[in-house]
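Per-entry structural report
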Amino acid sequence: MEDDVSQSLTPPVSPFAGDSHSASTPDQPPCFSCALEPGRGETNALSSEGYVGRGALKRVLLKLDPAPGDFETDIVDIFGFSWVTETALVESTKLLFGLFRQKILRLESLVQSSSHDFGQASGLHYESEDLRQQCVLFLQYVKVFLSRFLESPRAFDEGPLHPYEELEAQLPSLLVEELFGITLLIGRLKDLPANVQSAFTIQHQGKLFPPSWHLLHLHLDIHWGVLETLHLLGQRTMGQVVYAHQFVNLTGENLTNFSLFEEHLSGLLCDLIGLAMNKYSKVRPTEALSSHHYHCLCTKELWVLLIHLLEHRSKTTHTPSFWGYVTPLLQGLLKGGTVGEQRLPSTCKDPLGFTWWLVTHLAQLGQYNRNGSLHTEKQLRLEHNWSFACELLKSTCDPKGSVQEEQVRMHVHCCLSLTMLWEPNTSAVATLWEYYSKNLNATFSMPWLGVSGLGSVSRSPLSLLELSQACCSPAPLGSTAHTQLYRSCTSFCIFLRVLALHLSQENTGGAPWRQIKGRIYSKFHQRRMAELSECGLMNFLLLFLVLARCAELEDVAGRVNDLVAQMPAGDGAGTGTPPAHRALLWRGQLALLLLYVGRGLDAGAHAERLAASFAQVAREFYLKTTEPSRKLALWQPLGAYLEGVAEVLETSGHLCLAEERLLNEGFALLLPACRQSELASALGFLQNALAQLRRVHQRCSQSLSVAPSSSSGWSPPASLAKERHLAVASALWSHFFPFLRSLRLSQTPPPQLADAAAGQTTLRPMGTHTHTLSRALTHTLSLSHTHTHTH
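The model shown is predicted, which means the values in this text are computed figures rather than measured ones. (Residues numbered from 1 in each chain as written. Predicted model: local features only at pLDDT ≥ 70, side-chain atom pairs only at ≥ 80, totals over all residues. Heavy atoms only, no water.)

Focus on the overall build of the protein chain
Helix and strand counts for the protein chain stand at 31 helices and 3 strands. Within the protein chain, counting contacts between residues at least 6 apart in sequence, those at least 24 apart form 79% of the total. Roughly 34,800 Å² of accessible area belongs to the protein chain as shown, and the carbon and sulfur atoms make up 52% of that amount. (Helix = DSSP H or I, 4+ residues; strand = E, 2+ residues; numbered from the N terminus. Contact = heavy atoms within 4.5 Å. Areas by Shrake-Rupley, 256 points an atom, 1.4 Å probe, with all protein chains shown as cover.)

Points about unusual backbone geometry
Leave glycine aside and you will find that most residues have negative phi; peptide bonds, for their part, are mostly trans. Of note in this structure, H318 is not a glycine but carries a positive phi near 60°. By the element assignment, H318 lies in the loop between α10 (297–317) and α11 (322–335). H318 gets classed as exposed once you look at its relative accessible area, which sits at 71%. Phi is positive for S402, which is not a glycine, with a value near 50°. When you line up the elements, S402 lands in the loop between α13 (386–397) and α14 (405–421). (Buried < 20%, exposed > 50% of the residue type's maximum accessible area, 1.4 Å probe, protein only.)

Quick notes on helix α26 (residues 628–651)
Because an α-helix completes one turn every 3.6 residues, residues spaced three or four positions apart along the sequence face the same direction. Taking 1.5 Å of rise per residue, 24 residues should cover 34 Å, and α26 covers 34 Å from first to last C-alpha, within 8% of that figure. Of all the bends found along α26, the most pronounced is centred on W635 and spans about 30°, while P637, a proline, follows it within four residues. (Expected span 1.5 Å × (residues − 1). Bend = angle between axes of the 7 residues up to and from the residue.)

Some remarks on the confidence of the model for the protein chain
Of all residues in the protein chain, 83% attain a pLDDT of 70 or more, and the chain-wide mean is 85. Confidence over residues 768–791 falls short of pLDDT 50; this stretch has 39 contacts with residues more than four positions distant or in other chains. (pLDDT = per-residue confidence, 0-100.)

Comments concerning the pattern of salt bridges
Following the criterion strictly, the structure yields 21 salt bridges and no others. R132 serves as the salt-bridge partner of D221, at 2.6 Å between the closest nitrogen and oxygen. Taken together, the residues D221 in helix α7 (residues 211–236) and R132 in helix α4 (residues 118–148) connect sequence positions 89 residues apart. What makes R132 buried here is its relative accessible area of 6%. Between E660 and R724 there is a salt bridge, and its shortest N-O distance comes to 3.2 Å. (Salt bridge = Lys/Arg side-chain N within 4 Å of Asp/Glu carboxyl O.)

Description of the pairing of strand β3 (residues 81–84)
By the bridge criterion, 4 bridges tie strand β2 (residues 75–78) to β3 in an arrangement that is antiparallel. In the strand pairing of β3, D77 is matched with S82. Here β2 folds back onto β3 in antiparallel fashion, the turn holding 2 residues, of which F79 has a positive phi close to 55°. (Pairing = 2+ DSSP bridges.)

Observations concerning α13
Between the first and last C-alpha of α13 there are 16 Å, a value that for 12 residues agrees with the 16 Å anticipated at 1.5 Å per step. Where α13 is buried, its residues contact α11, α12 (351–365), α14 and α15 (426–438).

Some thoughts on a nonpolar patch on the surface
A cluster of nonpolar side chains, contributed by V241, Y243 and F258, occupies part of the molecular surface with about 250 Å² of accessible area. Structurally, the position occupied by F258 is in helix α9 (residues 257–280). (Patch = residues over 30% accessible without salt bridge, like charges linked within 9 Å, V, L, I, M, F, W, Y side chains within 5 Å.)

A closer look at the side chain of H606
Within the secondary structure, H606 sits in helix α25 (residues 604–622). Classification of H606 as buried rests on a relative accessible area of 4%. There is a polar contact of 2.8 Å between the side chain of H606 and the side chain of N561. Those residues within four positions of H606 in sequence are excluded, and the remaining contacts are A557, N561, Q589, L592, L593 and Y596. (Polar contact = N/O pair within 3.5 Å; in protein donor to acceptor, adjacent residues only side chain to side chain.)

A closer look at the packing of aromatic side chains
Counted under the stated rule, the structure contains 41 aromatic pairs. Taking 5.2 Å as the distance between ring centres and 40° as the angle between the ring planes, the aromatic pair formed by F100 and F138 counts as tilted. Taken together, the positions of F100 in helix α3 (residues 93–113) and F138 in helix α4 put the pair 38 residues apart, joining distant regions of the chain. Owing to a relative accessible area of 1%, F100 belongs among the buried residues under this scheme. Owing to a relative accessible area of 0%, F138 belongs among the buried residues under this scheme. Each ring, one from F667 and one from F685, has its centre 5.3 Å from the other, and the planes form 5°; the classification is stacked. (Phe/Tyr/Trp six-rings, centres within 6.5 Å; stacked < 30°, edge-to-face > 60°.)

Looking at the nonpolar core
Soluble globular proteins: nonpolar side chains tend toward being buried together. Ranked by internal contacts, the top residues of the largest apolar core, which has 247 residues, are F354, F524 and F544. With near-sequence residues (within four places) excluded, F524 lies in contact with W433, L440, M529, L532, F540, L543, F544, R559 and L563. (Core = buried A, V, L, I, M, F, W, Y, C linked by side-chain atoms within 4.5 Å.)

Some words on the environment of A35
Within the fold, A35 resides in the loop between β1 (23–24) and α1 (56–61). Separated by 174 residues in the primary sequence, A35 and F209 place their C-alpha atoms 9.5 Å from one another.

Quick look at the side chain of S291
Residue position: S291 is located in the loop between α9 and α10. Apart from residues no more than four positions distant in its own chain, S291 is found in contact with V283, W357 and H361.

Overview of the environment of Y243
Tracing the backbone shows Y243 in the loop between α7 and α8 (245–251). Its relative accessible area of 38% is what places Y243 among the partly exposed residues. For the pair Y243 and S173, spaced 70 residues apart in the sequence, the C-alpha separation amounts to 5.7 Å. With near-sequence residues (within four places) excluded, Y243 lies in contact with S173, N254, L255 and T256.

A look at the environment of V648
Looking at the element boundaries, V648 is found in helix α26. Under the relative-accessibility criterion, V648 is labelled buried at 0%. When the C-alpha positions of V648 and A591 are compared, they lie 8.4 Å apart, and in sequence the two are 57 residues distant. Not counting chain neighbours up to four residues away, the residues in contact with V648 comprise L590, L593, L594, V597, E659 and L662.

This is how it looks when you write it as structure tokens:
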């Protein structure tokens, strides 16, 4: 009788049918549901009604009963009929699966006959929901039966089998055949009608859903249920191969539990990738990291389930890992071919970008544990897949590929996300550096983004340092600052974040720096430095500031100084390093000096080399043989030096790190050659320097008079502070006062002269030329006030 099952079958009347109170109806089992719960919104949480939220995933991985509180009574109600719980699946395998197919077909007919009549919406919803719940309940019963009631096969020499035992021995084979039949009935996700696939995008505002929504999610339940059942069957049969004997006899083709698992899994992965491909076609480059690859929470949860199931099977049965299944499919997509019998959609216009995007979002899903919580420890997340990611990087950086900045920026952004999810990878950093070392002069800008993301080459030393600090302190992975990096940063600045993460690895004994140091240093030499444009120099400075922050400051600063020293200083004819380049280089060197000051290191040697370069340019500026146009150009680096040194002095908390070496004879040469506007800047610098010296000296004097236990931070010894402050005061006096004194007879003194001369009087308490200084400054101050009032 069971062999004559058709769509119109009616099960025989159960002997328990008239005693309905004796049959139990278990609680609704877990299922896919993307209907938003009150107050949850668009958070990272998975559905509380799903397989992860209800603990079903954890139980199957731990080989526990799938539903310990269900199917505990002798009789169970399935598809509206009562069945003996412990024997129904063995005795009525085909009948139960026939009823299962009948419910699926009934739901499909509701989808075909449904209309947009709101009056029917409620009835259609509840009927569709009931059909789906019956199907999900049956799938749960099959899993519970395998886990709880199926006995291991007996050996042939244990005597004759009971008729039930004979049926029970045939169940695994029948189950494989029935599951295969179900997969043929429902087909692939990609083959679902458009009106059913559109249910992915239904806005879940209410509690009533069309039949298409229920059918689509039932398909997801069945796809996962087939894999989970086959996995349980493999566990119960102790890993033995289960052949579908009837199928083999009829077709001559092998069908086993393992082959069905592999085939169904591959098809499901292809369909999920195809769905993600459809989603990617609507994703803007600026939203790549904030736009997910799944259409709803259910497909997100299905990916999480597959990740954990495949990782578990890889560790217990030595089958491929999750990446072992996904990577070949994506490689086939990139090559435009097929993998086995599976074919991905060929409609993707940007396979490389799509692959980067999908791998990154799948890696993010790898943070979820079997309970649905996000992992914080990297060692507990999904294993990395750097081998494939490095293949993608080589395609991105391949000159023959002609990948534009619009795409490169997104790819490198994805690489940064993977670096934060996994551990940094030396090969990835090396591949990226090879690309950027060849394109260092590029602006890496995109006109359609406007001014957003453009790097200015006229930054001050402090802003350069802050930019490098941003590269060394990447925002958290899910933050808005991270997802919006595409808009705010060039791909080179994103690469610097990848480099900083590589150099900041813990417990590596300095190996990351040794691995990359030679690769970076070898790309810079005298000819290469001469070839760098203004943008190239900006990128060069940012690179070395990041290295200085994350690696060895003195080593990196020494290398920068050596490279800058190799560049020609220029002559009166205007040859050599362009003034704009010189200004940018000085800003970078002063930013390095700010790092010294920030770490409390003596900056004497670094400051002396920089000041010598300043004095050389100031001498050319001073010479009367220098043409006015050349002087005008030279003021750009000289003005940058004044601004930068002012930032160094203002940033220094104690002025005890040899900052006075920045104040050399170059100022004595600069001041007499300045025009009115340039002189105003120079005297403004003097006033700021004097004010900062006064503040620091007073603060240090006060802090040294207080008990050491009450002071915060490092404070220099009293003798050192006095000596250093006197050195700064002497430098200001010797290089500025002679020029101020020379202005005492000027008929048109600058407006700042009086204030600058008055500021020099503050040097007296520090012991600088006490009597001579006092008399000279008093005379200068009176003259300057007289001229100021006269004119």
